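Observations on chain architecture
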Amino acid sequence: MKLGFVSDSLGGMTFDRLLDNAARLGVSGVEVNTGGWSTAPHFDLKTMKASADARRAFTRAFENSGLEIIALNANGNPLHPTQPEQGECLKDTIRIAGEMGIKTVCTMSGLPAGREDDLMPNWVVSSWPPETQEILRYQWEEKLLPFWTEIVVLAKDCGVERIALELHGNQCVYNVPSLLKLRAAVGPIVGANLDPSHLFWMGADPLVAAEALGEAVYHVHAKDTMLNAPVQATTSLLENGSLMDIPARSWSYITLGFGHGEEWWRQFCYRLKLAGYDGWLSIEHEDVLLNSLEGLEKSVALLKGVMPVAPSDFTPQAI
């Protein structure tokens, strides 16, 4: 496995300082945010789309720092009913990735409205009342599947081999069954960006999910979640309080090791190996209490201690 982090983890730094710190931390690469819900402070999508010189200079900066570009990340809602620019951001990101020879693009599946002419996305997490099933039918058959059929064709045309969808709440694809359903419909270019932090707060088990996804794991975000049991006991994990008010929330994103300890992360890495995954662990720091650089340093130190790096060389002796 190889270790890196998401560029927005150090979003307050200049591009040069980000690369300097990545090299100092001893990671192998950086996953670059391009837009969507990110302001993409290190990547000007419009400039990169228009200028081959800008793309070459960006790539050269990584090479000069001894780093790889892990993937481009266009996380947002590409099926937002009133914000078509989010879908265009994904398409442009795929085109630019193709021009730069980057084979993996990370994104979300998207979440459309519940019916035609609605203005807001609608996430269905219940089978009752009965209208929820009509919402799901509309979202999948009339919006999600046609969109992703088009995106898969674009990716193939651009030479992008993997689109890693984050299993994230408020998206049509948010768990193992919904990822595998979309993958079965549009083909194996679509796989999972397995981020355990989201599965934690949705009540799933990332260790089991890793094995269930198997070869469909295309990317991993290393992010932790603290489950606040006293609040959870009365609120449940269906939490809509401010992300900044950690004491009042039933769950919060947190620095690696502060929600789940080293033993859990060791097991996670091993379960990924069992599933056949030997790719990137890309740290996504979103802890509002810890300093971003300090949190990233602690996360890097934890993963360096638990992630497998060298290939297996065990063979039974001929006895």
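Cut-offs applied
- Residues numbered from 1 in each chain as written.
- Predicted model: local features only at pLDDT ≥ 70, side-chain atom pairs only at ≥ 80, totals over all residues.
- Heavy atoms only, no water.
- Helix = DSSP H or I, 4+ residues; strand = E, 2+ residues; numbered from the N terminus.
- Buried < 20%, exposed > 50% of the residue type's maximum accessible area, 1.4 Å probe, protein only.
- Pairing = 2+ DSSP bridges.
- Right-handed = clockwise from strand over helix to strand, strands pointing away.
- Expected span 1.5 Å × (residues − 1).
- Arc of directions from axis to C-beta.
- Contact = heavy atoms within 4.5 Å.

Leave glycine aside and you will find that most residues have negative phi; peptide bonds, for their part, are mostly trans. Note the cis peptide between Trp 128 and Pro 129, where omega equals 5°. With respect to the helices and strands, Pro 129 occurs in the loop between β4 (104-107) and α5 (131-158). In this structure, Ala 40 takes a positive phi of about 50° despite not being glycine. With respect to the element layout, Ala 40 can be found in the loop between β2 (29-33) and α2 (45-50).

With that out of the way, let us pick up the pairing of β4. Here β4 shows two buried faces, one formed by Thr 104 and Cys 106 and the other by Val 105 and Thr 107. In this structure, strand β3 (residues 68-73) lies alongside β4, joined through 2 bridges in parallel fashion. Directly across from Asn 73, in β4, lies its bridge partner Cys 106. Handedness of the crossover joining β3 and β4 through helix α4 (residues 84-100) is recorded here as right-handed. Relative to strand β5 (residues 162-166), β4 is paired through 4 bridges, and the arrangement is parallel. Each bridged residue has a counterpart across the sheet, and for Thr 104 the counterpart in β5 is Arg 162. For the segment spanning β4, α5 and β5, crossover handedness is right-handed.

On to helix α3 (residues 52-64). A rise of 1.5 Å per residue sets the reference length of α3, with its 13 residues, at 18 Å; its end C-alpha atoms lie 18 Å apart and thus fit the reference within 8%. Regarding α3, the residues found buried are Ala 54, Arg 55, Phe 58, Ala 61 and Phe 62. When α3 is viewed along its axis, its buried side chains cluster within an angular range of 125° and face the same direction. Turned more than 90 degrees away from the buried face of α3 sit Asp 53, Glu 63 and Asn 64, all of them exposed. Residues of α3 that are buried in the fold lie against α1 (15-25), β2, α2, β3 and α4. Gly 66 lies just past α3 and shows a positive phi near 70°.

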